[in-house]
Structure formats: structure tokens, C-alpha cells
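# Per-entry structural report
Given next are the chains, with one letter for each unit.
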Protein chains: 2
Amino acid sequence: MWLLESAPLGRVVFTRDALPAIRPVNHLVEDGGVIIVRTQLISRLSSAVRGNSPVVVAYEADDIDPVRRVGWSVVVTGLAHTITDPDRIARYEQLLHPWVDKVMDTVIAIEPTIVTGIRLVEKRR
Amino acid sequence: MWLLESAPLGRVVFTRDALPAIRPVNHLVEDGGVIIVRTQLISRLSSAVRGNSPVVVAYEADDIDPVRRVGWSVVVTGLAHTITDPDRIARYEQLLHPWVDKVMDTVIAIEPTIVTGIRLVEKRR
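Just so you know, these numbers come straight off a predicted model, no measurement behind them.

Cut-offs applied
- Residues numbered from 1 in each chain as written.
- Chains lettered and ligands numbered in written order.
- Predicted model: local features only at pLDDT ≥ 70, side-chain atom pairs only at ≥ 80, totals over all residues.
- Heavy atoms only, no water.
- Helix = DSSP H or I, 4+ residues; strand = E, 2+ residues; numbered from the N terminus.
- Rg over C-alpha atoms; globule rule 2.2 N^0.38 Å.
- Buried < 20%, exposed > 50% of the residue type's maximum accessible area, 1.4 Å probe, protein only.
- Contact = heavy atoms within 4.5 Å.
- Areas by Shrake-Rupley, 256 points an atom, 1.4 Å probe, with all protein chains shown as cover.
- Lys, Arg positive; Asp, Glu negative; His and termini not counted.
- Charge placed at Lys NZ, Arg CZ, Asp CG, Glu CD.
- Least-squares fit on C-alpha atoms with pLDDT ≥ 70 in both.
- Buried area = accessible area lost by both parts, 1.4 Å probe.
- Salt bridge = Lys/Arg side-chain N within 4 Å of Asp/Glu carboxyl O.
- Polar contact = N/O pair within 3.5 Å; in protein donor to acceptor, adjacent residues only side chain to side chain.
- Nonpolar A, V, L, I, M, F, W, Y, C, P; charged D, E, K, R; others polar.
- Pairing = 2+ DSSP bridges.

Time to look at the overall build of chain A. What chain A contains, in helices and strands, is three helices and seven strands. Against the compact-globule benchmark of 14 Å for 125 residues, chain A has a radius of gyration of 15 Å, which places it among compact chains. Among the 125 residues that make up chain A, the fraction classed as buried is 48%. The long-range share in chain A, meaning contacts at least 24 apart out of those at least 6 apart in sequence, stands at 68%. With an accessible surface of roughly 6,700 Å², chain A has 52% of that area assigned to carbon and sulfur atoms. Of the charged side chains in chain A, 15 are positive and 15 negative; the average position of the first set lies 9 Å away from that of the second.

Put into C-alpha cells, the structure is as follows:
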């Protein structure tokens, strides 16, 4: 989780119309490991998460050096839900600034259930 | 597709036991846009793809500068299947060298159906 926290961006993986979908986003990791991302209400991610019951998503971050071929990847699997509390929304809008120049009116929280990872090390000769 | 071809690695997104799964891999893009990755027979990816009918996966590559907040992301959605032809397997084993120091005995081809992408540009002031 601290590797993921240290990463400037990650990729949220979800199912949309029964198809695997992925998009890069920037994030905030709260105490307790909850991952916060901001998106648009009209986005595919929002429509996948919206609804009465939380949906399962994966969240991946990595830092891999393609020249030395070393690095790490962390994958968090957990339940995603839309945050509706206006105070929390206001707080995340202060803390987390999307990199996309669009109105990001939806805040999504991912609660980790499974955390896995790999580390690439220098190849043995 | 040429952006994806230029990327040293990508992330394959699939469904495993009804859960969204993702892992970083290096790839080769063939003429015609077929994406080739190598994996282990015992991997989650192999067991998701193995079988008589192809499965739908997504393949994502990106190059995003977290400081300037510019870059791109390409997502290919398509059918994945295991390659069984020994000549093709031998050829890919020559051309594509996994970065993970394990026996990678399975070759998977992803045939693109949908190609989408985003480009992050400097924010308007």
C-alpha cells in the first residue's frame, strides 16, 4: 500500500457492459488504505460504479524501468462506491486535483480487500 | 496503435473468477495490430484465456508525465487466445523476451476489436 501511495497515478480496472475496461487516473490514499479517485458523472467508470450495491474493481499502480527491467506493480482488488456525503466530496475536491481539464463531479472510493504485488529484480545470470 | 507499439510495456486486463484482474507485461505488436504477450501456463492470465472459445480482454499502454501532467493512454479491447502452432510459438520466443525470470511457456495473441485513447495536454489557464 505504501508503494501505491507513493505513485503519482494508477489505473482503475472495471467491467462495463460485460467488457473489461481500464483507465488511468490520479488518486489519493486515505488512512486505512481507501483509494479515492475523481471522475465525471457521465464517464464509463461512474456508470459502472453507480447503483445501490458496490461493484468490484481493481486498482493498479506500477513503476517499472523499461531499460533496467526492474520495478514493482501493486494491484488492489476491492469494492468501489460513489461518495455521496457533501462534506467528504468537498474535502476530496480540495485535496485531489484531476489532471484532465474537465468537470469532475463524482468521487469514487475503493475499499481494498485483496492487495497483491510483484517486484521485478535484476535477472540472474 | 503506433503509440502502443512504441511503448515498452503494457497491462493486460481480464476477468478471473468473475473478478477484474490486471498485470503488467511486455509485448510485441504484429503487422495487422495483433498484440503478442508471453506468460506462464500456470498463470491467472493463462487460465482465463485457456479454453475452446476466445475471451475478451483489454490491453492498455500509457506514457504519462506526472510532473507536466501530459501524455497519452491507449486501450485495445479484443479477443485473446492461446497460440498453439509450434512454429509461431518458436518465432515469438525468439522475438519477445519476458522481463520476469520464470519459464514463460505460453504465448497469447490479442486481436484488437476496439481501439480507444486519451491524450493529456497542458491545462488551459
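Let us look at the relation of the copies chain A and chain B. With an RMSD of 0.0 Å, chain A superimposes on chain B once it is rotated by 180° and translated 0.0 Å along the axis. On this basis, the relationship between the two copies can be described by a two-fold rotation axis. Taken as a fraction of all interface residues of chain A, those also at the interface in chain B reach 100%, which identifies the copy contact as same-surface.

At the junction of the two partners, chain A supplies 28 residues and chain B supplies 28 residues. Buried area between chain A and chain B, summed over both chains or domains, comes out near 2,800 Å², and the portion from carbon and sulfur atoms is 69%. For the chain A face of the interface with chain B, the top three residues by lost area are Pro20, Ile22 and Trp99 of chain A, together amounting to 24%. One salt bridge in this structure joins Asp62 of chain A and Arg11 of chain B, with 2.7 Å as the shortest N-O distance. Taken together, chain A and chain B are joined by two residue pairs in polar contact (both at pLDDT 80 or more). At the level of secondary structure, the elements contributing two or more residues to the side of chain A that touches chain B comprise β1 (10-16), β2 (19-25), β5 (55-65), β6 (70-82) and β7 (106-120) of chain A. Ranked by residue count, the leading element in the side of chain A that touches chain B is β5 of chain A, at six residues. Here the residues of the side of chain A that touches chain B are counted per class, giving 19 nonpolar, two polar and seven charged.

In this section: the sheet that holds strand β1 (residues 10-16) of chain B. Working definition: the strands of a sheet are paired by backbone hydrogen bonds and lie parallel or antiparallel to each other. Taken in spatial order, the seven strands of this open sheet run β2-β1-β5-β6-β7-β4-β3 (chain B), and their pairing is antiparallel. Of all strands in the sheet, those bounded by a partner on one side alone are β2 (19-25) and β3 (28-29) of chain B.

Quick look at the pattern of salt bridges now. For the structure on display, the rule yields 16 salt bridges over all chains. The residue Arg88 of chain A makes a salt bridge to Glu30 of chain A at a minimum N-O spacing of 3.8 Å. Remark: Glu30 of chain A occurs in the loop between β3 (28-29) and β4 (35-39) and Arg88 of chain A occurs in helix α3 (residues 86-95); sequence separation between them is 58 residues. Residues joined in a network through salt bridges with shared partners are Arg11, Glu60 and Asp62 of chain A together with Arg11, Glu60 and Asp62 of chain B.

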